[in-house]
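Structural description and commentary
Listed here are the chains, written in short residue letters.
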Amino acid sequence: MLEYMLVMMMVLLAGSSDGLEVGFYHRSCPSAEGIILRVVKEEVAKNRGTAAVLLRLQFHDCFVEGCDGSILLKQEDDESFAAGNAGVGGFDTIDKAKAAVEQACPGIVSCADIIALAARDAVVLCPQGGDVGVKIPLDWDGEFLFDDIRSGRGVLSSDAVLYRDRTTKKIIDSYSSLNTTTMPDFATDFAEAMVKMGKIGLKSGSTDGEIRRLCNATNN
């Protein structure tokens, strides 16, 4: 699963007709990706849970008006204070990455892209080998089988409700019938869904948004 999630996050940044491009900062800030990776590694080394937190942050940023880094803003009426974002973290890591990138390339790399790149790096650093000391299995009977959700034993309530909807129930049933030779079909579909999410509200150019100097506040 780790390999498929890595592909998913890389595809999220892949070239497309919507302006997404691998290596977008190759010329304007060639050290950006390396700097972000270094910061993420340092933070995950301090706390292994940071990797999962950063991946979740990417989802929550995209859920409201697209992947624009708006979840990082810190005013009382901003989305980071919304009830649906309770428990979302990783802000300090993004702030550290942004500060480091700004030292190398001031005003070049957007906060939204730092979130996406940090989430991609976090996937590579999430625990491998199924170490239950740092990883909670969401399907005890086998990865991709969704047996727990179908039997009403889903670990997450957001997963459990999927089996109560007619449309998503059909999808879960189709995956649960797969065998070990066709399991990658789920990962492929998941990657495609992440690509679609990454295109929501895509902003490009100075007319659509701004490169914030600090990710937790708009520029003056």
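Residues numbered from 1 in each chain as written. Predicted model: local features only at pLDDT ≥ 70, side-chain atom pairs only at ≥ 80, totals over all residues. Heavy atoms only, no water.

Rules: UniProt positions are given in the numbering used here, feature names are shortened, and annotations may be inferred rather than shown by experiment.
Looking at an unreviewed UniProt entry, the protein chain carries the name peroxidase, with the source organism given as Arabis nemorensis. Within the UniProt record for the protein chain, the comment given under Function (unreviewed entry) is "Removal of H(2)O(2), oxidation of toxic reductants, biosynthesis and degradation of lignin, suberization, auxin catabolism, response to environmental stresses such as wounding, pathogen attack and oxidative stress. These functions might be dependent on each isozyme/isoform in each plant tissue." UniProt lists a comment for the protein chain under the heading Catalytic activity (unreviewed entry), and it reads "2 a phenolic donor + H2O2 = 2 a phenolic radical donor + 2 H2O".

What to know about the overall build of the protein chain
Inclusion rule: For the purposes of this entry, the term helix denotes a DSSP run of H or I that reaches at least four residues, the term strand denotes a run of E that reaches at least two, and both are numbered from the N terminus. The cut-offs for exposure are 20% and 50% of the maximum accessible area for each residue type, with area from a 1.4 Å probe on protein chains only; residues under the lower value are buried, those over the upper are exposed, and the others partly exposed. Every residue pair with non-hydrogen atoms within 4.5 Å of one another is taken to be in contact. Only the protein chains shown count as cover for residues, and all accessible areas are computed by the Shrake-Rupley method using a 1.4 Å probe.
Of the regular secondary structure elements, the protein chain holds nine helices and zero strands. Ordered by position from the N terminus, the helices and strands of the protein chain form the series α-α-α-α-α-α-α-α-α. A total of 220 residues make up the protein chain; the buried ones form 39% of that total. In the protein chain, of all internal contacts separated by at least 6 residues, the share reaching a separation of at least 24 is 66%. Total accessible area on the protein chain is roughly 12,500 Å²; 55% of this is exposed by carbon and sulfur atoms.

With respect to helix α4 (residues 91–104)
In plain terms, the rule: The span one expects for a helix is its residue count, reduced by one, times 1.5 Å.
Between its first and last C-alpha, α4 extends 20 Å over 14 residues, near the 20 Å set by a 1.5 Å rise per residue. Taken together, the buried positions of α4 are F91, T93, I94, A97, K98, A100, V101 and E102. If you follow the buried residues of α4, they end up packed against α2 (32–46), α3 (49–63) and α5 (111–125).

Thoughts on the confidence of the model for the protein chain
Quick reminder of the rule: Residue-level confidence of the predictor is summarised by pLDDT, bounded by 0 at the bottom and 100 at the top.
A residue-level look at the protein chain finds 69% of positions with pLDDT of 70 or above and a mean pLDDT of 76. Low confidence marks residues 1–17, where pLDDT is under 50. Its contacts with residues over four positions away, or in another chain, come to 45 contacts.

Remarks on the packing of aromatic side chains
Convention followed: Pairing of aromatic side chains here covers Phe, Tyr and the six-membered ring of Trp, requires ring centres within 6.5 Å, and sorts the geometry by plane angle: under 30 degrees stacked, over 60 edge-to-face, intermediate tilted. The rule for a charge over a ring is simple: NZ of Lys or CZ of Arg within 6 Å of the ring centre, and within 35 degrees of the ring normal.
Within the structure shown, the criterion is met by two aromatic pairs. Judged by centre distance (4.9 Å) and plane angle (90 degrees), the rings of F24 and Y25 are edge-to-face. Ring centres of F59 and F63 lie 6.3 Å apart, and the angle between their planes is 55 degrees; this geometry places the pair in the tilted category. Residue F59 and its partner F63 are located together in helix α3, separated by four residues, close to a single helical turn. Residue F63 is classed as exposed on the basis of its relative accessible area, which comes to 55%. Between K74 and the ring centre of F91, over which it is positioned, the NZ or CZ distance is 3.8 Å.

Focus on the state of the cysteines
Put simply, the rule is: Cysteine sulfur atoms that come within 2.5 Å of each other are treated as a disulfide pair.
Under the criterion given, the structure shown has three disulfides. Disulfide partner of C29: C105, at an S-S distance of 2.1 Å. Where C29 bonds to C105 through sulfur, the torsion about that S-S bond is close to 85 degrees, and the disulfide is right-handed. Of the two residues, C29 sits in the loop between α1 (2–12) and α2 while C105 sits in the loop between α4 and α5, which places them 76 residues apart along the sequence. The exposure class assigned to C29 is buried, which follows from its relative accessible area of 1%.

Some words on the packing of α4 against α5
Stated formally: In this description, a line fitted to the C-alpha atoms serves as the axis of each element, helices being fitted only across the stretch in contact, and the angle between N-to-C directions of two axes falls anywhere from 0 to 180 degrees. Definitions for this section: a left-handed crossing has its near helix turned counterclockwise from the far helix by less than a right angle. A right-handed crossing has that turn clockwise. Polarity classes work like this: nonpolar for Ala, Val, Leu, Ile, Met, Phe, Trp, Tyr, Cys and Pro, charged for Asp, Glu, Lys and Arg, and polar for all others, with Gly in that last group.
Relative to each other, α4 and α5 sit at 115 degrees, their axes nearing to 10 Å. α4 and α5 meet at a crossing whose hand is right-handed. Of the residues in α5, those in contact with I94, A97 and K98 of α4 are C111, I114, I115 and A118. Taken together, the residues that form the contact of α4 with α5 break down as six nonpolar, no polar and one charged.

Thoughts on the pattern of salt bridges
Our working rule: Salt bridge criterion: a side-chain nitrogen from Lys or Arg within 4 Å of a carboxyl oxygen from Asp or Glu.
All told, the structure shown has seven salt bridges when counted by the stated rule. With a closest N to O distance of 3.2 Å, K46 and E43 form a salt bridge. Residue K46 and its partner E43 are located together in helix α2, separated by three residues, close to a single helical turn. You can call E43 buried: its relative accessible area is 10%. A salt bridge links R120 to D121; its shortest N-O distance comes to 3.8 Å. Taken together, the shared-partner salt bridges connect E33, R120 and D121 into one network.

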